[in-house]
Amino acid sequence: MKQEPWMKVGQPCWVFDQNFISGTITQLSPLQCQTQNGIIDAKSIYERDPEQQEYDDLIDLQVLNEAELITQIHSNYQKGIFQLYIGPSLLVVNPVSKQDQLYTKEIKLQYKQMHNAKQLPPHIYSIASQAFKNLDQQKQIIIISGESGAGKTENAKLCMSFLSSIGNLEQKIFKCNPILESFGNAKTSRNNNSSRFGKLIKLHFDDEFKVSGAQIINYLLEKSRITSPNQLERNFHIFYEFLLGAQNLQDYFIIQQPDSYEYLKKGGVYFQNNDLENFKQLLDAMNYLNFSSDVIFSLISAILLIGNIDFEELENGCMVKDQQLVYKISQLLGLQEKELMRGLTTKTKSYAKNEIIDSPLSRLECVNSQQSFARYLYERLFNYIIEQLNISLQPKQISQNTVSILDIYGFEVFVVNSFEQLFINYTNEKLLQLYIQYVFKEEQNIYQQEGIKITTNQIMFMDNQNIIDCLDKPPLGILNILDDSCAVAGTDETFLSKLKNAYTNSQVVQFPKIANQIFKIRHSAREVEYNVTGFRVKNKDDNKQLQVLLSKSKNNLIQQIYGKAVKADKFLGNQIRQEMNELMQELKGSNVQFVRCIKPSEPLQQGQFNQALVLNQVRYLGVLETLKIRKEGYSIRKTYSQFYKEFSAMSNLPIPSNVQKKDFRGLVIKIFSTYFAFTQESVLQGNTMVFMKQDTWNAVQQEYEFRMIKKNEMAKKIQRIWFSYKQLLILRGFLSKVRFIQASIKGFLQRIRFRVTIGKILYLQHQIRRFIDKCKFQKYKNATKIIQTYLKRLYSIKYVIVENEAVIKIQRYMRLKITKQRKERYSLIKGIVDQIQRRAWNIVVWRSVIKIQKVWRGHFIRSIYDEQVQQIKLARYIARAEKAITKIQQFSKGYVIRQKYQRLRNATCYIQGYFRTKWLSDLFFRIRYAAVVIQRAMRHHWKKTKLAKLQLLQITKPFEQDFIRQKELEFNNLNDGYIDNIIENEQENNRKIDLFSCIIDLEMLTDMQEIHDTLWSTIYKKGFKESYEKGNFIQNYCIGETHTYATTVQGKIFSWGLNDKNQLGCTQDGKPNPNKINVLQVQHKIKTMKSGQNHGLYQTIEGQLFQLGQNYPILKDVKQFSIYNDNNLALDDQGLIYQWNTFGKPQELKSWTQCIKLAQMTQKINVQQISMGLNFFILLTTNGLLFSMGDNFHGELGQNKNQHELTQIDMFDKVVEVHCGMKHVIARSSLGKVFTWGWGARGQLGHGNLKDELYPRQVILDGKSVQVMASQKSSIIIMETRKVFWWGTNSCLEYQSQPIEFMTAHPPVRVLATWSRSMSVTYITYANTHRLFENNIKLRNRILGGLTQKWAEQDIFSLEVPYCESLINYFQSMKKPQIKTNIKFASKIEHQQIVKMIQTQQPNVLDQSKSYFSFQEEPQPLQQRDIQRQVEEQQTQTFGNVKMKEMQTNVQKSQDSDQKLKQLRDVKKRYQTILMKNQFEYTQLDREFLQILKDSDLIDILQQIT
């Protein structure tokens, strides 16, 4: 190394060894240095400043070399200082992470108000502020340059933020960023958000220097990325954001998997973490700027599908393999399918006389045409987006006051560099040349024009003109040779051979000896190898046939985008050079500010700083040369007029009005000679400008500030004295006015006091007169009372006398009447007794006569026939003797035969015993041998079974552990506080109660990993967050075997899981994604939804029952339904029950129909609720009766036997709510008691044990319950105090046999449960009261309790909040229903008569306030609720028939039925007469009707009616 003058032993230095290391020179020959790594031989050594100070402007460096520059940048980077000045330019190092504290509103305001550019620390806002302040002199442009990943785009945003805040367009300008980044940025191997196009953003300022509009000019869009993205890179962001975020991909014939598309599969990199959020911001910006997103997404989809077109080689050309693909593209683009096929596979040529010939293309030509078509579609779409943005940002008036910001992609070097990198680096070479011209060449030109002799040749700087000439100088420029090669037939190898012939001995372009497809270019930054493979194909950009076809699209917007005649070059390279020349002309005509961006490391990681990488960037950016020429030269130059106008305030010289430029020169020289003592080397005077070094300029500014501070202090002193004088004059005038006001007020107060005194005197007189009058009145009143007392006593005495006489008279008449009644009763009883005596004596006499006659007649007959009687007696004796002999002989013979049979039987038994003994003995020995054999076989079998169990346990144990781990993950994920954070972070902008359902328990019953790749709770939280933030809260959850439904308050259905049996209610194209949340919107308004094993049913508010995914109803007029696995149960309005499985049709449950017919004979039975468990179901009627049917293995039917027909369950109280678990039942009575029965092995009955209960048994609770619910193996209730208790077994409980409290963060409204074979879920509908009841908890509990009770009475699973007129002002989602009357009439004439009667005056049958039905919905008291429900259920009958039925029912209970039925017919006839009479007869008829009821003695009917 050459020895420099500064090199001495002991001199501090920098040694470069991958990084710059501080050291000290220990030996000069050979050169050695002492560093922290020891003594080393220094090959690259630099001078080091021993003071090691830090500077905001790198021009101030005392020692100027690469080592000092890099170490200064590195030192500031470690301290969090990322921005430094390079004279008038700015150097920015990418901090990698966000630094929001550097860009606050306060900092932005400081830089807006600064006077001197260097008075504040280096900042990107300083460059923007200087550009804004120089607006009145010339157009301003801020060029932001650097490598890819250096932070150019972010700095451009900060400049726009600073400048656009000076006006009202900041929001609109920043809405453009998401659109430009989505359509113009892509992921490269070095930067995840690299700009793949250049943009020049012009901000227009009006006469008041406020932003009035903006204009965006795009340059050098990298179209080749559409069809050929590099490996490990992505295509433009919009493709991936669209696939991930769009909800209706099927409308565009698109599926979500990016590896299904050739243009996306080539890069091998797909989704990023922020794609979904970016897509939401994109949609928001497009809606804000009124973009037609549907057409844009159609074009994006068409480009993806074009990339999937594959061609098949034929003998006479080529054809598309997948015709359906062409059809989809034609539908998206609004083209005819045949025309599009023709444009892809043929080439149309026009000849003379309008002759058109289609020549077929080869497969390679078809592929080239296909890729050119895709690039053209995207390029025109991108240009259209820029045009629309310019329209929305267009200023009202075009102004010359503009500040432009140029953001273009930086220098790129990859492992494989192709066509794209060549043009990117060519662009950076042009920008570097512009920087060189501004910094170096302009320096020499200015000195020559001003007549100043100064040499800058000693400063060596880099000039890249030879590199640019090799790239674009015709005719041998590389880009010219490429266009010439593409104009004729050839290959990439012929293009490379032409390059070798043109640049045989070039120092810029070189060719490796080994690689055949590579050439090298020595760029300003570094040497780059380019692979020519694909250069010619990417450069060609000609497909006029398909371009003309797009102009004939059926879609008006597509026709507008592609219908404009755009003159484009045939080759892409020529087009890019023209755009670059236009950009250079724009830049050269403006005042340029440079921002040089540096990338600290490769790859980008926070806190890492690669000095070698930064040094390479600093070299090709020319930072060091800039510092040298600015420091050694005269970097500050001002015209004489500018300098005098700026600094004349520090002198007392006036500004002359009519002077020439030379007069300003003299004034400036006079200022320097008067106030400064600079040498001639510090200040140079040119013809029109004054030149100063940086130190001189700093001294001028310091002197100016010092003198201005003094002048300001003097001015403030004068202002203070003048202000004091003015205030004194104001004070004197004020005091005179105060005195006048005081005099006026005092006079006014005296007048008021006089009036008050007069008023008091008058009041005193009035009170005295009043007291005198009061005394007189009291005297007269006392006298009047004495007279009244005497008269009242006299009247009372007379009244008592009259009453006594009346009482005596009444007693006399009553005694006479009682005596008369007693006499009549005595006479009646005496007559009856006499009559009984007469009849009894007659009967006694008659019976005695008959007996005497009978005895006499017997004696007479016997005396006549005595001989015959003796003969008969003898014959009877002989017959009896013969019979006795026969019987004795029979017994004797029988005895002999029995003795003989007994002897034979004994012998037979002996013989049988002998042979049986022999047989049993032989059988015993054989059984004993067989037992030994069986024992041996069973021992072998048990041993084999035990071994098989051990093997099975070894196989299943990992799966069980995975399953347990999965359950723990689901439990922890569900209870991680994510849902609570969403609810807590909600903005309280609503003053009504919101209802939302939140899962409190999630129990996994089987392994769900085969169904969901991620955790089920993660998908649930995602859907909850999306619905909660939109205010469309989830109300119900339904769990199937492999799927899940979540239904919102607006009727929207979220579904996820497997769709093998179309259980999700939608079709999924391509590979199914069970983790995707599908959003369904059915045509009908949903009332209730439930899920079975592989299907879902929902009930509409009209009563129709649909299966999800079908458009026709299964049943109509449905009141309620229930599902368990594949079994379905439904109840219609007529009280009939239907039962079916998933694949069958609804069948009427005949046992229930018969039960209704039998029950209706005694009372009306209507079903209120149905609930299903495992192979059983429970019915609840409106009058509180329970019926059960099904299997009864554990007592779930509430009785001790199986029932295949509906049977009533004996209950102690009236039941109002019942729900079934898997094998147990929970019910709530009208008194708030809770009863359970059935399977209790998991503690789900809550009785303190694990036993089954065959009959309903009460759960001991402290208070009343308002709602109950049964889960699969647990139970949960809400108490009247809004506390929640549960028991049983789930993911949170284990064999909990007694109720325990579940703590809730929000007041609960209802508890629900759903389960299947795979999982069980328990959730609570909470009320978000928004702090409405912070000081009144009792009111909150009363309101929520009323809502819970209303919900439980109607349908606890209903989505709609039940309407209650007294609570409608509290709840957000409560709506007033339209009341429909279903009263049927006997005829149309009767209907018209009743309507006319209602219009004139409401009927007054019996009592209008207590009529059977009302035409207004009013809240009913608790004791009348059952009566009201019965009346509403019977509205399908006519008014008269309903009353008659009730009367007949009550009449049948009376003892004298015949007489009351006759009277009831009179009542019915009379009541029909009432309905037909005119209005004026109602009162009289009501009295008659009441009298009939009283006379008929129908007390029970009268009580029910009144």
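What counts and how
Counting restarts for each chain, with residues numbered from 1 along the sequence as it is written. The model is predicted, so local features are restricted to residues of pLDDT at least 70 and side-chain atom pairs to those at 80 or more, both for listing and for counting; the totals for chains, interfaces and linings are taken over all residues. Hydrogens are left out, water is left out, and the side-chain values use all remaining heavy atoms of the structure. Numbering of helices and strands runs from the N terminus; a helix is a DSSP stretch of H or I covering at least four residues, while a strand is a stretch of E covering at least two. Contacts: residue pairs with any heavy atoms within 4.5 Å of one another. Patches here are clusters of residues that have more than 30% relative accessible area and form no salt bridge, with a 9 Å joining cutoff for like charges and a 5 Å cutoff for nonpolar side chains (Val, Leu, Ile, Met, Phe, Trp, Tyr). Areas reported here follow the Shrake-Rupley algorithm with a probe of radius 1.4 Å; residue values treat only the protein chains shown as occluding. Within this document, salt bridges are pairs made up of a side-chain nitrogen of Lys or Arg and a carboxyl oxygen of Asp or Glu, the two lying within 4 Å of each other. Type-normalised accessible area, obtained with a 1.4 Å probe on protein chains alone, sets the label of each residue: buried when under 20%, exposed when over 50%, and partly exposed for intermediate values. For two strands to be treated as a pair, DSSP must find no fewer than two bridges joining them. In a helix, the anticipated span is given by 1.5 Å times the number of residues less one. Note: the arc covers the axis-to-C-beta directions of the helix. To obtain each axis, a line is fitted to C-alpha atoms, and for helices this fit is confined to the stretch in contact; angles are then taken between N-to-C directions over 0 to 180 degrees. In what follows, roughly perpendicular refers to angles from 65 to 115 degrees, roughly parallel to angles under 35, roughly antiparallel to angles over 145, and oblique to any angle outside these ranges. Note on terminology: disulfide denotes any pair of cysteine sulfur atoms within 2.5 Å. Throughout, the protein atoms alone are placed on a 1 Å grid, and a set of points is a cavity if a 1.4 Å probe fits but cannot get out or a pocket if it is open with protein on both sides within 12 Å along at least five of seven lines; lining residues have an atom within 4 Å of a point. Grid points are joined across faces, edges and corners, and a volume is the space filled by probe spheres set on the points. Note on residue categories: nonpolar means Ala, Val, Leu, Ile, Met, Phe, Trp, Tyr, Cys or Pro, charged means Asp, Glu, Lys or Arg, and polar means any other residue, Gly included. The pLDDT value tells you how sure the predictor is about a given residue, anywhere from 0 up to 100. Any two rings among Phe, Tyr and Trp, with Trp reduced to its six-membered ring, count as a pair given centres within 6.5 Å; such a pair is stacked if its planes are under 30 degrees apart, edge-to-face if over 60, and tilted if neither. Either the NZ atom of lysine or the CZ atom of arginine qualifies as a charge over a ring when it sits within 6 Å of the ring centre and within 35 degrees of the ring normal.

Novice: Explain the overall build of the protein chain here, please?
Specialist: Regarding its fold elements, the protein chain presents 37 helices and 51 strands. Long-range pairs, those at least 24 residues apart, make up 61% of the contacts in the protein chain between residues at least 6 apart in sequence.

Novice: Sorry if this is basic, but what is going on with a nonpolar patch on the surface here?
Specialist: Residues Phe740, Ile741, Ile745, Phe748, Leu749, Ile752 and Val756 make up a contiguous nonpolar surface patch of roughly 620 Å² in combined accessible area. Mapped onto the secondary structure, Phe740 falls in helix α26 (residues 694–864). When its relative accessible area of 61% is taken as the criterion, Phe740 is described as exposed.

Novice: Any chance you could explain the sheet that holds strand β34 (residues 1118–1124) here in plain terms?
Specialist: Two orientations exist for strands paired in a sheet by backbone hydrogen bonds: parallel and antiparallel. Read from one edge of the open sheet, 4 strands run β34-β35-β36-β37, paired in antiparallel fashion. Two strands in the sheet have a free side with no partner beyond their single neighbour: β34 and β37 (1147–1148). Pairing analysis gives 2 bridges linking strand β36 (residues 1137–1141) to β37, with the strands arranged antiparallel. Within the sheet, the bridge partner assigned to Gln1139 lies in β37 and is Gln1147.

Novice: Could you clarify how one ought to interpret helix α9 (residues 275–288) in this entry?
Specialist: At 3.6 residues per turn, the α-helix brings residues three or four places apart onto the same side. The first and last C-alpha atoms of α9 sit 20 Å apart over 14 residues, in line with the 20 Å expected at 1.5 Å per residue. Every buried residue of α9 is listed here: Asp275, Phe279, Leu282, Ala285 and Met286. Take α9 and look down its axis: the buried residues cluster within an arc of 125 degrees, on one side only. Facing away from the buried side of α9 by more than 90 degrees, the exposed set consists of Lys280 and Asn287. Following α9 by one or two positions, Asn290 has its phi on the positive side, about 60 degrees.

Novice: What should I look at first to understand the environment of Asp49 in this one?
Specialist: Tracing the sequence through the fold places Asp49 in the loop between β5 (45–47) and α1 (66–78). Taking relative accessible area as the criterion, Asp49 reaches 8% and is therefore assigned buried. Separated by 14 residues in sequence, Asp49 and Val63 have C-alpha atoms that sit 5.9 Å apart.

Novice: How do you make sense of the packing of helix α15 (residues 465–472) against helix α16 (residues 478–487) when you look at a structure like this?
Specialist: Any two packed helices are characterised by how steeply their axes cross, that is the angle between the axes, and by the distance between the axes. The N-to-C vectors of α15 and α16 enclose an angle of 5 degrees; their axes lie 3 Å apart at closest approach. Taken together, α15 and α16 sit at an angle that is classed as roughly parallel. Side by side, α15 and α16 meet where Cys470, Leu471 and Asp472 of the first sit next to Ile478, Leu479 and Asn480 of the second.

Novice: So what exactly am I meant to see when it comes to the pattern of salt bridges here?
Specialist: Think of it this way: side chains of opposite charge can pair up when their charged atoms draw near. This model, assessed by the stated rule, comprises 34 salt bridges. A salt bridge links Glu527 to Lys520; its shortest N-O distance comes to 3.9 Å. Judged by relative accessible area, Glu527 falls into the partly exposed class, the value being 33%. Linked through salt bridges whose partners overlap, the residues forming this network are Arg196, Glu222, Arg225, Glu233 and Glu412.

Novice: Please explain the state of the cysteines as it appears in this structure.
Specialist: Cysteine pairs can be linked by a disulfide, which is a covalent bond between their two sulfur atoms. Taken as a whole and assessed by the stated rule, the structure comprises 0 disulfides. Looking at the unpaired Cys159, the closest cysteine sulfur is the one in Cys597, lying at 9.2 Å. Its relative accessible area of 0% is what places Cys159 among the buried residues.

Novice: I keep staring at the sheet that holds strand β28 (residues 1052–1057) and nothing clicks. Help me out?
Specialist: Strands sit in the order β26-β27-β28-β29 across an open sheet of 4 strands; the sheet is antiparallel. In this open sheet, the two edge strands, each paired with only one partner strand, are β26 (1034–1039) and β29 (1078–1081). When the angles between neighbouring strand axes are averaged without regard to direction, this sheet yields 25 degrees. For β26 and strand β27 (residues 1043–1048), the ladder comprises 5 bridges, and the chain directions are antiparallel. Considered in β27, the bridge of Asn1036 is made with Thr1047.

Novice: Honestly, empty space enclosed by the protein in this entry has me stumped. Any pointers?
Specialist: Unoccupied space between atoms shows up once a probe the size of one water molecule is rolled over them. What the rule picks out here adds up to 9 cavities of 30 Å³ or more. Roughly 470 Å³ of volume is contained in the largest cavity. Forming the boundary of the largest cavity are 32 residues, of which Lys1090, Ser1122, Ile1123, Ala1313 and Phe1357 lie nearest the centre. It is β34 that contributes the most residues to the lining of the largest cavity, 5 residues altogether. The residue makeup of the lining of the largest cavity, split by class, is 17 nonpolar, 12 polar and 3 charged.

Novice: Could you clarify how one ought to interpret helix α2 (residues 105–113) in this entry?
Specialist: The complete set of buried residues in α2 reads Ile107, Lys108 and Tyr111. All buried residues of α2 project into a common sector of 100 degrees when viewed along the axis, lining one side. In α2, the exposed residues that point more than 90 degrees away from the buried face are Lys105, Glu106 and Gln113. The secondary structure elements touched by the buried residues of α2 are α3 (124–133), α4 (152–164) and α5 (170–184).

Novice: Explain the confidence of the model for the protein chain to me, please; I cannot follow it from the model alone.
Specialist: Parts of the model with low pLDDT should not have their predicted coordinates read in detail. On average, residues of the protein chain score 81 in pLDDT, and 85% of them reach the 70 mark or higher. For residues 1379–1386, every residue scores under 50 in pLDDT, and the model assigns this stretch 15 contacts once sequence neighbours within four places are set aside. In the predicted structure, residues 1496–1506 sits below a pLDDT of 50 and forms 24 contacts with residues beyond four places in sequence or in another chain.

Novice: How should I be thinking about the packing of aromatic side chains in this particular structure?
Specialist: Each aromatic ring pair is described using two quantities: the centre-to-centre distance and the angle formed by the ring planes. Within the structure shown, the criterion is met by 40 aromatic pairs. Aromatic pair Phe519 and Phe535: ring centres 6.3 Å apart, planes at 75 degrees, arrangement edge-to-face. Highlighted residues: Phe519 in strand β19 (residues 518–522) and Phe535 in helix α18 (residues 535–539), separated in sequence by 16 residues. Classification of Phe519 as buried rests on a relative accessible area of 0%. A network of ring pairs unites the aromatic residues Phe996, Trp1016, Tyr1020, Phe1024, Tyr1028, Phe1033, Tyr1037, Trp1056, Tyr1323 and Tyr1326 as a single cluster. Lying across the ring of Trp1239, Lys1223 places its NZ or CZ 5.6 Å from the centre. Note that Arg1310 overlies the ring of Trp1351, its terminal NZ or CZ placed 4.0 Å from the centroid.

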